[in-house]
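Close look at the chain arrangement
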Amino acid sequence: MLTDAAIIIEAQDRASRDLQLEEATRLLREKATDRGILITRDSFRSFTVTLSSSVEYGLIQELDLL
């Protein structure tokens, strides 16, 4: 699901998770002009992918909340 601020991923399995995360980062890379991408693991199946000014441009950072 794409919102103005984030892409929210609800994965059913590992393959689905990997495909959705790749697609989300590809979409946000196109929009990133001065920020990096933050992937937050909210639960075992839920992830939030956002552009973040706290992440250096061109980088992807992961944050695990478990």
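Everything that follows concerns the structure shown earlier in this document.
Procedures and definitions
- Residues numbered from 1 in each chain as written.
- Predicted model: local features only at pLDDT ≥ 70, side-chain atom pairs only at ≥ 80, totals over all residues.
- Heavy atoms only, no water.
- Helix = DSSP H or I, 4+ residues; strand = E, 2+ residues; numbered from the N terminus.
- Buried < 20%, exposed > 50% of the residue type's maximum accessible area, 1.4 Å probe, protein only.
- Polar contact = N/O pair within 3.5 Å; in protein donor to acceptor, adjacent residues only side chain to side chain.
- Contact = heavy atoms within 4.5 Å.
- Core = buried A, V, L, I, M, F, W, Y, C linked by side-chain atoms within 4.5 Å.
- Pairing = 2+ DSSP bridges.
- Axes fitted to C-alpha atoms, helices over the stretch in contact; angles between N-to-C directions.

With that settled, consider the side chain of Ser46. In this structure, Ser46 sits in strand E3 (residues 46-52). Residue classification places Ser46 among the buried positions, given a relative accessible area of 10%. A distance of 3.1 Å separates a polar atom in the side chain of Ser46 from a polar atom in the side chain of Glu10. Leaving out residues up to four positions away in the same chain, Ser46 has contacts with Ile9, Glu10, Thr40 and Arg41.

The biggest cluster of nonpolar side chains holds 12 residues, and these are Ile7, Ile9, Ala11, Leu21, Ala24, Leu28, Ala32, Ile37, Ile39, Phe47, Val49 and Leu51. Contributions of two or more residues to this core are made by strand E1 (7-10), helix H1 (14-31), strand E2 (36-41) and E3. Setting aside its immediate chain neighbours within four residues, Ala11 contacts Ser16, Arg17, Gln20 and Arg45.

Take the sheet that holds E1 next. Spatial strand order, E1-E3-E2-E4: four strands in an open sheet with mixed pairing. Each of the sheet's edge strands pairs with one partner strand only, and the pair in question is E1 and strand E4 (60-64). Strand-to-strand twist across the sheet, computed as the mean angle between neighbouring axes with direction ignored, equals 20°. Here five bridges tie E2 to E4, and the two strands are oriented parallel to one another. The residue bridging Thr40 from the neighbouring strand is Leu63, located in E4.

Now for the pairing of E3. Burial analysis of E3 places six of its seven residues in the buried class, which makes it a mostly covered element. Across four bridges, E1 lies against E3 in antiparallel orientation. Paired with Ile9 across the strands is Phe47, a residue of E3. Bridge count for E2 against E3 is six bridges, and the pairing is antiparallel. Across the sheet, Ile37 pairs through a bridge with Leu51, a residue of E3. Once E2 ends, the chain turns through four residues before running back antiparallel as E3.

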